[in-house]
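Listed here are the chains, written in short residue letters.
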Amino acid sequence: MMNYLNIIKNGITKENPTFVLMLGMCPTLATTTSAENGMSMGLATMFVLICSNLVISLIKNLTPDMIRIPVFIAVIATFVTVLQLLMQAYVPGIYETLGLFIPLIVVNCIILGRAESFASKNEPVASIFDGIGIGLGFTLGLTLLGSCRELLGTGKVFGYTVFPEDYGMLMFVLAPGAFITLGYLVAIINKFKK
C-alpha cells in the first residue's frame, strides 16, 4: 500500500516540475505575466494530469508497447480538448488570455513524462495522487513566478495594488523578466534546501 500523502508531497517538493525538474518551461515562462495567469495555467495542467494519469493507469495492461506513446498522447489530447471546451464555455476571459498555451498542454513534457514514468506503472488511485501532487507543484510554481513578476512589474498581486504602478519595472512583465525571476527563485529555493 502506497502512502498517498508522500506522493503528493513528492510532487510539490522533490519532483517539483518548475523549480526542481525544470520541465514545462514554455508555459512557465510565457503564461506567468500575472499571478492569475500562472495559477490558471497550473490548474488547467493539473486537470489534464489527474484525468490522463487515471485513464492511462486503467488501460496500461491493454496497451501494446509498440503503440504506448501514441495512445498516451491520444488520451492526453482528449482531456485537453475537454478542458478547452470547458474553459471556452465557463471562463472565456482566462481562455483568451492563455490562448495557444491551452492546446499546447498536449505536448507538455510534464504530462507525458508522468504518464510514462508513473501512471503506466502504478495503480489508478496512486496515479490520481501523483497527478494531484505534480499538478499542485506546477500550480504553486507558476503562481509564485507569476506573483513575483506581477508584483515587480506592476506593483500588484492578483490585481490588488501593493505599491503604485509607477514604481514597477516593466521588464519583469516581459520575456526577459521571466528568465530573471525564475533564475532567482530557483537560486533561493536551492539555498533553502541546503
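Refer to the structure printed above.
Residues numbered from 1 in each chain as written. Predicted model: local features only at pLDDT ≥ 70, side-chain atom pairs only at ≥ 80, totals over all residues. Heavy atoms only, no water.

Caption draft 1: Quick peek at the nonpolar core. Grouped together as the largest cluster of nonpolar side chains are 25 residues, with contacts concentrated most on Val48, Leu83, Met87, Ile102 and Ile105. Of all the elements in the fold, those that place two or more residues in this core are helix H3 (35-59), helix H4 (68-90), helix H5 (92-98), helix H6 (109-119) and helix H7 (124-154). The dominant element in this core, judged by the number of residues it contributes, is H4, at seven residues. Not counting the four nearest positions on each side in its chain, leucine 83 is found in contact with Ala44, Phe47, Val48, Ile102 and Ile105. With seven residues, the next largest nonpolar core counts Phe19, Leu29, Leu185 and Val186 among its residues. (Core = buried A, V, L, I, M, F, W, Y, C linked by side-chain atoms within 4.5 Å. Buried < 20%, exposed > 50% of the residue type's maximum accessible area, 1.4 Å probe, protein only. Helix = DSSP H or I, 4+ residues; strand = E, 2+ residues; numbered from the N terminus. Contact = heavy atoms within 4.5 Å.)

Caption draft 2: Structural detail: unusual backbone geometry. Positive phi, normally seen in glycine, also occurs at methionine 22, with a value near 55°. Within the secondary structure, methionine 22 sits in the loop between helix H1 (4-12) and helix H2 (25-31). Despite not being glycine, phenylalanine 158 shows a phi value in the positive range, around 50°. With respect to the helices, strands and loops of the structure, phenylalanine 158 is situated in the loop between strand S1 (156-157) and strand S2 (160-161). Judged by relative accessible area, which is 36%, phenylalanine 158 ranks as partly exposed.

Caption draft 3: Here's a closer look at the packing of H3 against H7. Viewed as axis vectors pointing N to C, H3 and H7 meet at an angle of 165°, and their least axial separation amounts to 7 Å. Classed by the angle they form, the pair H3 and H7 counts as roughly antiparallel. Once H3 is placed against H7, the crossing between them reads as right-handed. Residue classes in the contact of H3 with H7 are distributed as 16 nonpolar, 12 polar and two charged. (Axes fitted to C-alpha atoms, helices over the stretch in contact; angles between N-to-C directions. Parallel < 35°, antiparallel > 145°, perpendicular 65-115°, else oblique. Left-handed = near helix turned anticlockwise from the far one by under 90°. Nonpolar A, V, L, I, M, F, W, Y, C, P; charged D, E, K, R; others polar.)

Caption draft 4: Layout of the environment of lysine 14. Residue placement: lysine 14 occurs in the loop between H1 and H2. Considering only alpha carbons, one finds lysine 14 and leucine 145, 131 residues apart in sequence, at a separation of 18 Å. Every residue in contact with lysine 14, bar those within four places of it in the chain, is listed here: Lys9 and Val20.

Caption draft 5: Up close: the side chain of threonine 63. Structurally, the position occupied by threonine 63 is in the loop between H3 and H4. Classification of threonine 63 by relative accessible area gives buried; the value is 13%. A polar contact is formed between the side chain of threonine 63 and the backbone oxygen of isoleucine 59, at a distance of 2.9 Å. (Polar contact = N/O pair within 3.5 Å; in protein donor to acceptor, adjacent residues only side chain to side chain.)

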